[in-house]
Amino acid sequence: MFKKRIRRNWFVPKGEELTELDKKVLSFQNRGCLVPSRDLIKTPEQVEGIRRSGVVNTGVLDLVAQEIHEGMTTLEIDQLVYDYTVGHGAIPAPLNYEGFPKSVCTSVNEVVCHGIPSESEVLKEGDIINVDVSTILDGYYSDASRMFVIGKTTPEKQKLVDVARECLEIGMEAARPFGFVGDIGNAIEKHAKKNGFSVVRDLCGHGVGLEFHEEPDVEHFGRKGTGMLLVPGMVFTIEPMVNMGDWRVFVDEEDGWTVVTEDELPSAQWEHTFVMTEHGLEILTY
Ligand code: MF3
Ligand code: CO
């Protein structure tokens with residue numbers, strides 16, 4: 001999603017006794033660090049709700065993995081996603097979200113993200129496609145995406161897909177409790193650059209769970225020790241978009257959604273929803 005950049009505080013109502021966590025976060029806040037607002041910390045019940053939503057979301061992606069094939073249209077993927085999601089008592093989060101017309105984002109080759117499924121888009125041998133699935137179950141949101149390769153692709157495109165996946169894993173490892181969002185982006189960008197690729201800067205990961213897009217912005221580049229403090233109980237996505245060429249992108253002005261690389265070279269993205277724990281990130285969309 002596009003960046004939001006809202007600044008709020010860790011606020012403890014007057015008269016309420018400070019917990020150890022309050023004291024710890026306030027000490028960061030007093031040093032001038034960007035900290036989450038307290039309502040970004042999910043309760044264990046909320047985390048379980050998001051995890052249940054994530055189970056449906058993963059079911060959708062597993063189904064797509066089974067069914068995707070050369071000659072299929074991206075609209076057929078949309079239909080699979082809609083039917084499975086609704087069949088499991090859930091709602092596809094993209095459908096009608098800010099006017100998005102379909103149930104899933106399908107982004108082929110030079111499309112970075114937010115591609116709209118279409119009857120006229122037929123998958124062909126060598127295509128790489130991101131399928132970005134987001135689910136609402138009992139009011140809880142989960143969000144994850146994977147890349148699929150149609151048949152066999154070129155070594156360059158295969159490497160792009162693989163490195164983007166490694167970027168997600170490396171970003172996940174870089175996220176530590178009471179570290180910072182910038183630690184994630186820093187690790188991701190280093191790995192992409194090392195492999196000769198670039199990282200999209202205009203779109204980021206995001207808090208998720210009670211809404212589709214919450215704070216913080218999770219940029220996939222940046223400096224260690226910058227961005228929001230990572231506090232146990234925060235739930236957010238990491239979803240690096242890695243470009244074969246330049247990092248610059250534009251939005252298709254005809255549909256207002258499809259994000260495309262400026263140089264029209266391919267782009268790849270993987271995404272999970274995570275909860276920060278005392279020990280590091282746990283994936284909620286396995
Ligand atoms: N799933 C996308 C994300 O990861 C958001 C898509 S918004 C939509 O942030 F409307 F295009 F679905
Ligand atoms: Co997302």
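Higher on the page you've got the structure.
The notes below deal with the structure included here. (Residues numbered from 1 in each chain as written. Chains lettered and ligands numbered in written order. Predicted model: local features only at pLDDT ≥ 70, side-chain atom pairs only at ≥ 80, totals over all residues. Heavy atoms only, no water.)

1. Describing the overall build of the chain
No. 1: Counting secondary structure elements, the chain contains five helices and 15 strands.
No. 2: Relative to its length of 286 residues, the chain is compact, with a C-alpha radius of gyration of 19 Å against a globular reference of 19 Å.
No. 3: Projecting the C-alpha coordinates of the chain onto the three principal axes gives extents of approximately 65 × 45 × 35 Å.
No. 4: The proportion of buried residues among the 286 residues of the chain is 57%. (Helix = DSSP H or I, 4+ residues; strand = E, 2+ residues; numbered from the N terminus. Rg over C-alpha atoms; globule rule 2.2 N^0.38 Å. Buried < 20%, exposed > 50% of the residue type's maximum accessible area, 1.4 Å probe, protein only.)

2. With respect to the coordination of the cobalt ion (ligand 2)
No. 1: Donor atoms from the polypeptide that bind the cobalt ion (ligand 2) are D143 (OD), H206 (NE2), E239 (OE) and E271 (OE), placed at 2.1 to 2.2 Å.
No. 2: Mapped onto the sequence, the residues coordinating the cobalt ion (ligand 2) show the spacing D-x62-H-x32-E-x31-E. Remark: E271 occurs in the loop between β13 (267-269) and β14 (272-277) and E239 occurs in the loop between β9 (235-238) and β10 (241-243); sequence separation between them is 32 residues. Residues E239 and E271 agree in their burial class; the two are buried. (Donors = N, O, S within 2.8 Å, 3.2 Å for Na, K, Ca; no water.)

3. With respect to the sheet that holds β10
No. 1: Read from one edge of the open sheet, three strands run β6-β10-β13, paired in antiparallel fashion. In this open sheet, the two edge strands, each paired with only one partner strand, are β6 (198-199) and β13.
No. 2: Two elements, β6 and β10, share two bridges in a ladder whose sense is antiparallel. Residue pairing in the sheet places S198 in a bridge with N243 of β10.
No. 3: Packing against the sheet, helix α4 (residues 155-174) makes contact with β10 and β13, and its axis sits at approximately 35 degrees to β13. (Pairing = 2+ DSSP bridges. Contact = heavy atoms within 4.5 Å. Axes fitted to C-alpha atoms, helices over the stretch in contact; angles between N-to-C directions.)

4. A short note on the packing of aromatic side chains
No. 1: Under the criterion given, the structure shown has five aromatic pairs.
No. 2: Judged by centre distance (6.0 Å) and plane angle (20 degrees), the rings of Y141 and F212 are stacked. Within this pair, whereas Y141 is found in strand β5 (residues 140-149), its partner F212 is found in the loop between β7 (205-207) and β8 (214-218), the two being separated by 71 residues in sequence. Of the two residues examined, Y141 and F212, each falls in the buried class.
No. 3: Through pairs of rings, three or more aromatic residues link up here, namely F28, F178 and F180.
No. 4: Positioned over the ring face of W270 is R165, at 4.5 Å from the centre of the ring.
No. 5: Over the ring of F221 we find R201, and its NZ or CZ is 3.9 Å from the ring centre. (Phe/Tyr/Trp six-rings, centres within 6.5 Å; stacked < 30°, edge-to-face > 60°. Lys NZ or Arg CZ within 6 Å of the ring centre and 35° of its normal.)

5. Focus: the side chain of Q269
No. 1: By secondary structure assignment, the location of Q269 is in strand β13.
No. 2: Residue classification places Q269 among the buried residues on the basis of a relative accessible area of 1%.
No. 3: Side-chain polar atoms of Q269 contact the backbone oxygen of E239, separated by 3.0 Å.
No. 4: In contact with Q269, not counting residues within four places along its chain, are V112, C113, N130, S145, R146, M147, A164, E239, P240 and M241. (Polar contact = N/O pair within 3.5 Å; in protein donor to acceptor, adjacent residues only side chain to side chain.)

6. Comments concerning the nonpolar core
No. 1: Ranked by size, the top nonpolar core spans 41 residues in total, and within it I184, L229, F236, I238 and L281 carry the most contacts.
No. 2: Only α1 (20-30), α4, α5 (181-194), β9, β14 and β15 (280-283) provide two or more residues apiece to this core.
No. 3: Tallying contributions element by element places α4 first for this core, with seven residues.
No. 4: What L281 contacts, discounting residues up to four positions off in sequence, is M172, A175, F236, I238, F274, V275 and M276.
No. 5: Of all hydrophobic cores here, the second largest spans 16 residues; its members include V60, V104, V133 and I150. (Core = buried A, V, L, I, M, F, W, Y, C linked by side-chain atoms within 4.5 Å.)

7. Topic: the site of ligand 1
No. 1: Neighbouring ligand 1 are 15 residues, the closest being P94, D132, D143, H213 and E239.
No. 2: Between ligand 1 and the protein, one listed contact pairs a nitrogen atom with a side-chain N or O atom of D132 at 3.0 Å.
No. 3: A distance of 3.0 Å is found between an oxygen atom of ligand 1 and a side-chain nitrogen or oxygen belonging to D143.
No. 4: Burial of ligand 1 by the surrounding chains reaches 99%, relative to a free accessible area of 330 Å².
No. 5: For the shell around ligand 1, the per-class residue count stands at seven nonpolar, four polar and four charged. (Near = heavy atom within 4 Å. Areas by Shrake-Rupley, 256 points an atom, 1.4 Å probe, with all protein chains shown as cover. Nonpolar A, V, L, I, M, F, W, Y, C, P; charged D, E, K, R; others polar.)

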